[in-house]
Amino acid sequence: MPQLQKFQDFAEQVLRAKHDFGSHVFKVALTNVAPAATAALLADITQVTGGAYTAGGYVLDGVTLSETGGTAKVVITDEVITAAGGSIGPFRYAVVYNDSSSGKPLVGFADRGDSITLLDGEGVTLDFDPAAGVLTLA
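Residues numbered from 1 in each chain as written. Predicted model: local features only at pLDDT ≥ 70, side-chain atom pairs only at ≥ 80, totals over all residues. Heavy atoms only, no water.

S.K.: Go over the overall build of the protein chain with me, naming the residues and quoting the values.
M.R.: Tallying secondary structure elements over the protein chain gives one helix and 10 strands in all. Scaling as 2.2 N^0.38, a compact globule of 138 residues should have a C-alpha radius of gyration of about 14 Å, and the protein chain matches this with 14 Å. Dimensions of the protein chain, computed from C-alpha atoms along their principal axes, come out at roughly 45 × 30 × 25 Å. Relative to its full complement of 138 residues, the protein chain shows a buried share of 41%. Across the protein chain, the fraction of contacts at a sequence separation of at least 24, relative to all contacts at a separation of at least 6, is 73%. If you sum the accessible surface of the protein chain, you get close to 6,800 Å²; carbon and sulfur atoms cover 51% of it. Positive and negative side-chain charges of the protein chain, numbering 8 and 15 respectively, have mean locations separated by a distance of 7 Å. (Helix = DSSP H or I, 4+ residues; strand = E, 2+ residues; numbered from the N terminus. Rg over C-alpha atoms; globule rule 2.2 N^0.38 Å. Buried < 20%, exposed > 50% of the residue type's maximum accessible area, 1.4 Å probe, protein only. Contact = heavy atoms within 4.5 Å. Areas by Shrake-Rupley, 256 points an atom, 1.4 Å probe, with all protein chains shown as cover. Lys, Arg positive; Asp, Glu negative; His and termini not counted. Charge placed at Lys NZ, Arg CZ, Asp CG, Glu CD.)

Structure below.
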């Protein structure tokens, strides 16, 4: 999965202290509709519906923040999504958002490059590349 593209509003949200990468819960929602760069809240995203997908998506278990020489880097541990009790999709985009902050502000999204549907029992790994950093602010 490519590096996250940040939403335009994310920079302002950080300066207004809406995100705490040390204590907030971040999730990934799935969509097959290209997210607009100007989207700001989860409600602005058309999520996958039906099947085994639960609105709001999946908790990201490993979100860490580091800083070196004035550059902050957020890294997310890979997330495995498995369809259980039905199919999931189709979806193409993985949207990261803050589930702990009011309105569920968006962080960024990654484009798989093509749509995929997971059939019951199938899984996919959202591969967030720790070497490149998922999201870097310099």
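S.K.: Tell me what's going on with the environment of His 19, and back it up with residues and numbers.
M.R.: Within the element layout of this structure, His 19 appears in the loop between helix 1 (10-15) and strand 2 (26-31). Given the relative accessible area of 11%, His 19 is considered buried. His 19 sits 13 residues away from Lys 6 along the chain, and the two C-alpha atoms are 13 Å apart. The contact partners of His 19, leaving out residues within four places of it in the chain, are Phe 10, Gln 13, Val 14, His 24, Phe 26, Asn 98, Pro 105, Leu 106 and Val 107. At a separation of 2.7 Å, a polar atom in the side chain of His 19 contacts the side chain of Gln 13. (Polar contact = N/O pair within 3.5 Å; in protein donor to acceptor, adjacent residues only side chain to side chain.)

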